[in-house]
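This is what each chain is made of:
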Amino acid sequence: MPLLTITAPNVPASVEDQTALMKRLSSKVAKALDKPERWMMVSLHRPVAIMFGGDVAAACHVSLFSVGQLDPARNEAMAALICEDLQDALHIPSDRIYIQFADVAGAS
């Protein structure tokens, strides 16, 4: 089951906007991973504080865990689509978005 976790200080306030963002990313990431969306999980979190590169300007941490289907070429393509959505929804520039990809063993 892929898990996409987004931690950003400016997560949308309304449940509708949060849901819309999660639905867009769920669909896009599941498709990019060639996995059924019914197994895709997305969570949004507001941190107490976040600093990136020694600067407290708006930033975002994203983790994507998946059983298989992660490789450098696919990760680069997914990073681009994730950053595009987060730039639009959260107004965070892509150079302030840190994405961690983790290939998880199926038995974990």
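So, a few notes on the structure that sits alongside this text. (Residues numbered from 1 in each chain as written. Predicted model: local features only at pLDDT ≥ 70, side-chain atom pairs only at ≥ 80, totals over all residues. Heavy atoms only, no water.)

1. A word on unusual backbone geometry
Working step 1: Even without being glycine, Gln69 reaches a positive phi, approximately 70°.
Working step 2: Overall, Gln69 belongs to the partly exposed group, its relative accessible area being 31%.
Working step 3: The phi dihedral of His91 falls on the positive side, at around 60°, and the residue is not glycine.
Working step 4: Relative to the helices and strands, His91 resides in the loop between α2 (72-90) and β4 (97-103). (Buried < 20%, exposed > 50% of the residue type's maximum accessible area, 1.4 Å probe, protein only. Helix = DSSP H or I, 4+ residues; strand = E, 2+ residues; numbered from the N terminus.)

2. Quick word on the pairing of strand β3 (residues 60-66)
Working step 1: β3 sits mainly inside the fold: five of its seven residues count as buried.
Working step 2: The sheet contact formed by strand β1 (residues 3-7) and β3 spans five bridges and is antiparallel. Each residue of the ladder has a partner; that of Thr5, found in β3, is Ser63.
Working step 3: The pairing of β3 with β4 spans seven bridges and is classified as parallel. Considered in β4, the bridge of Leu64 is made with Phe101. (Pairing = 2+ DSSP bridges.)

On their own, these measurements won't tell you what the molecule is for.
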